[in-house]
Every structure is written in structure tokens, then in C-alpha cells.
Amino acid sequence: MATMAVEDETSTARIRAFEVICSFPDGISESELKVNCRGQNDRQQSSSDNESNIDAIWKYRTSTNSSLFNGTKFRFKNVQVHNASSPPMLNLGVTDYKSFLGTNCAPNWQQLDPSNMASPLGNAAIVETEDERVVLLKRSGNVGEAPHTVVMPGGHPEPEMVGIRTIDDWKKKERNADSEEQRNADSDDDGFNDDICGELWDSMVREVVEETGIPREALGEALCIGFTRRVQNYRPDIIFFIKCTLSSDEVHRLYAEGPEHKSESTDLITMDRVEFMKQVIKTDSINMPGCHRGGVELYCRFFAQGRE
């Protein structure tokens, strides 16, 4: 039986290339970002061959990795930054993990137009310990993308947390939103988008807790420092900075006790923050995917603003 060729994402240095979408060097809080989540921001279907390819890739990937499961994700369209007096607007749609593996991570991803890609919004956090070290994780081989790389804690904000468990849920909500009565109930849409913004922040803290074992009460306020994209696979991330009140030794101890999502990583590493920035950006000596390397570039800009 023929096997499908799936691109080995760790086989080339291209995985480390990144672009900064936008930067907030002072950091912004939840109240300083606006969200617009609508169906017009969803992935546009392409040819029938490409749509069939999504199903074929999913079948292959799940047959070789039983831990993969499908779920809804927020699709990143863009961030609009107008001026200092107007909050940035994050435009989102809804997609799923299956479509991500079948478009952004497909062997032919470079032949697809960005509008045909799932491009789910990921998240990652620069977590700084009390003794000024940055918390990193070595990804296991049992993950859907970028196995065996060094990353910051992260994952995805989840539409399920705001009531969108399936694509059918999303389509139903959009049909209701397009009805006359819903158009007249602006506060309902505003409340939904506010809930999504809250999930962007809450999911980031949740990922740190679940992947490292650091308790929520030991984490300070999460500040968004910008958005990045990994060039390979056109992979977007929202990046946060979070100060931790624990020492690096205490963080290592908690990880050794076993965080909830321990299977996603094989080791926790802490690095002096200045050495970390040097090794990731200046010497490129750490095998880190571009969406996270871009996050380190944002951290350098944040750090340069005088954050001590």
C-alpha cells in the first residue's frame, strides 16, 4: 500500500524563518485589543483536488499518530493597527485542526493561496522566572507539528470555550448573526467578541499551567507583545510576556512532578534571558520554529523598552 509523503518539518532550517506581523513593544492588556470574528474571515475552499487532499492527509496523519484529534480553532486573517489612539483589531474566523494539517502543513502548501489555508492562530508565552530565566520546552515526537524542537509554552485559544465546538456550531451562529433580529442586537456580537478576547488571554495562561506545572497564582498579568508568522507553513502566533514569581529551580521541580500535558514535551529548560535572546536571534543556535523565534524578536523589542 502506498504511503503519503508528508513534509518533515524539522528537516530544514526553513522552519526557523519568521516574519513579524505587528509589534507592541510596551505590551498590551486584554482591554486594549479588539476582536472581530465573522464567517467572512473563514478559509475559502479551493479546487476539489485540494479539498480531497485535506481528507487524505488527515486519514494518513491519524493512522500514524493516534493522539491527534480534530477540533475547532480560530482562523487568523489579519491584525489592523491604525494609530496609537485606536486599539488594534484582530480579525478572526473559525477553522479546524484537520484543515490546518491538510493545508498549511500539506506537502503542497506553497502552491496554496493564503485565503485557502486554515492558518489557525497559535499562542506562545515568554515566561520569565523570578531569577530572570526564560522557560522553554523540548517538544516530543508525539505532536502534530514541529516535533523535537525547542519552544516556549503554547498551543491555541479554543473556540470550544466560547461555545463553538464544531464547524456546524459556527455555521449555525453565523446564520443567526445574518438574520434581521441578530443584526439589530449589536450587543450580542460585541459580547461574543469580548468572550473571544478573554479566551485569547485565558488560554495562554492555561497552556503555561498545563505544560509546565506552574500554578496560575504564580503567574503575573499576561501582556500581548505582538503577532508573528512562521514562513514555512504560513503559521501565525499571538505572543505574550508573563512574569513568574517562582525561581527556575522551583519551576524545574514542578515540571518533574508531572504537568497535565507532560506527554507533549520531553524536557523543560530554563535559560538566562540575555543569553536566550542571543542564542535564538543572533546566533540561531537553538532549533526553534519560526513562529516562536519571531516571538523572541518581539521579546527583544519589549526588553529594549526598559523591562527589567
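A few points on the structure. (Residues numbered from 1 in each chain as written. Predicted model: local features only at pLDDT ≥ 70, side-chain atom pairs only at ≥ 80, totals over all residues. Heavy atoms only, no water.)

1. Digging into the overall build of the chain
For the chain, the helix and strand inventory stands at eight helices and 11 strands. The buried share among the 308 residues of the chain stands at 52%. Long-range contacts, defined here as pairs at least 24 residues apart, represent 74% of the contacts in the chain between residues at least 6 apart. If you sum the accessible surface of the chain, you get close to 13,900 Å²; carbon and sulfur atoms cover 45% of it. The centroid of the 34 positive side-chain charges in the chain is displaced by 4 Å from the centroid of its 51 negative side-chain charges. (Helix = DSSP H or I, 4+ residues; strand = E, 2+ residues; numbered from the N terminus. Buried < 20%, exposed > 50% of the residue type's maximum accessible area, 1.4 Å probe, protein only. Contact = heavy atoms within 4.5 Å. Areas by Shrake-Rupley, 256 points an atom, 1.4 Å probe, with all protein chains shown as cover. Lys, Arg positive; Asp, Glu negative; His and termini not counted. Charge placed at Lys NZ, Arg CZ, Asp CG, Glu CD.)

2. Some thoughts on the nonpolar core
Core analysis: the biggest nonpolar cluster contains 44 residues, and Cys-37, Leu-90, Ile-214 and Phe-227 have the highest contact counts within it. Per element, the largest residue contribution to this core is eight residues, and it comes from helix H5 (residues 186-212). Excluding anything up to four places from it in sequence, Ile-214 contacts Val-127, Val-208, Val-209, Leu-219, Cys-244, Leu-246, Val-251 and Leu-254. (Core = buried A, V, L, I, M, F, W, Y, C linked by side-chain atoms within 4.5 Å.)

3. A short note on the packing of aromatic side chains
By the definition in use, this model includes nine aromatic pairs. With a centroid separation of 6.2 Å and an interplanar angle of 15 degrees, the aromatic rings of Phe-241 and Tyr-299 are classed as stacked. Taken as a pair, Phe-241 in strand S10 (residues 235-243) and Tyr-299 in helix H8 (residues 290-304) lie far apart in primary sequence, 58 residues in all. Tyr-299 carries the same exposure label as Phe-241, and that label is buried. Grouping aromatic residues by their ring pairs yields a cluster made of Phe-241, Phe-276, Tyr-299, Phe-302 and Phe-303. Directly above the aromatic system of Tyr-234 lies the positively charged group of Arg-229, at a separation of 4.1 Å from the ring centroid. The side chain of Lys-262 reaches across the aromatic face of Tyr-255, ending 4.7 Å from its centre. (Phe/Tyr/Trp six-rings, centres within 6.5 Å; stacked < 30°, edge-to-face > 60°. Lys NZ or Arg CZ within 6 Å of the ring centre and 35° of its normal.)

4. What to know about the pattern of salt bridges
Counted by the stated rule, this structure contains 17 salt bridges. Across the pair Glu-51 and Arg-43 runs a salt bridge, and its minimum N-O distance is 2.9 Å. Glu-145 is the partner of Arg-235 in a salt bridge, and the nearest nitrogen-oxygen pair spans 2.5 Å. Here Glu-145 lies in the loop between strand S6 (133-139) and strand S7 (150-151) and Arg-235 lies in strand S10, a separation of 90 residues in the sequence. When sorted by exposure, Arg-235 lands in the same class as Glu-145, which is buried. Overlapping salt bridges bring together Glu-128, Glu-132, Lys-243 and Arg-273 as one network. (Salt bridge = Lys/Arg side-chain N within 4 Å of Asp/Glu carboxyl O.)

5. Overview of a negative patch on the surface
Taken together, Glu-30, Asp-190, Asp-194 and Asp-195 make up a surface patch of like negative charges. Structurally, Asp-194 is set in helix H5. For Asp-194, a relative accessible area of 48% corresponds to the partly exposed category. (Patch = residues over 30% accessible without salt bridge, like charges linked within 9 Å, V, L, I, M, F, W, Y side chains within 5 Å.)

6. Structural notes on the packing of helix H7 (residues 273-282) against H8
Their axes nearest at 10 Å, the elements H7 and H8 cross at an angle of 135 degrees. One finds that H7 runs oblique with respect to H8. Seen from above, H7 lies across H8 with left-handed handedness. Of the residues in H8, those in contact with Arg-273, Val-274, Phe-276, Met-277, Val-280 and Ile-281 of H7 are Arg-293, Val-296, Glu-297, Tyr-299, Cys-300 and Phe-303. Among the residues making up the contact of H7 with H8, the classes are represented as nine nonpolar, no polar and three charged. (Axes fitted to C-alpha atoms, helices over the stretch in contact; angles between N-to-C directions. Parallel < 35°, antiparallel > 145°, perpendicular 65-115°, else oblique. Left-handed = near helix turned anticlockwise from the far one by under 90°. Nonpolar A, V, L, I, M, F, W, Y, C, P; charged D, E, K, R; others polar.)

7. With respect to unusual backbone geometry
In this structure, Ala-146 is a non-glycine residue whose phi angle is positive, near 50 degrees. Tracing the chain through its elements places Ala-146 in the loop between S6 and S7. A positive phi angle, close to 65 degrees, is found at His-148, a residue other than glycine. Turning to its location among the elements, His-148 is positioned in the loop between S6 and S7.

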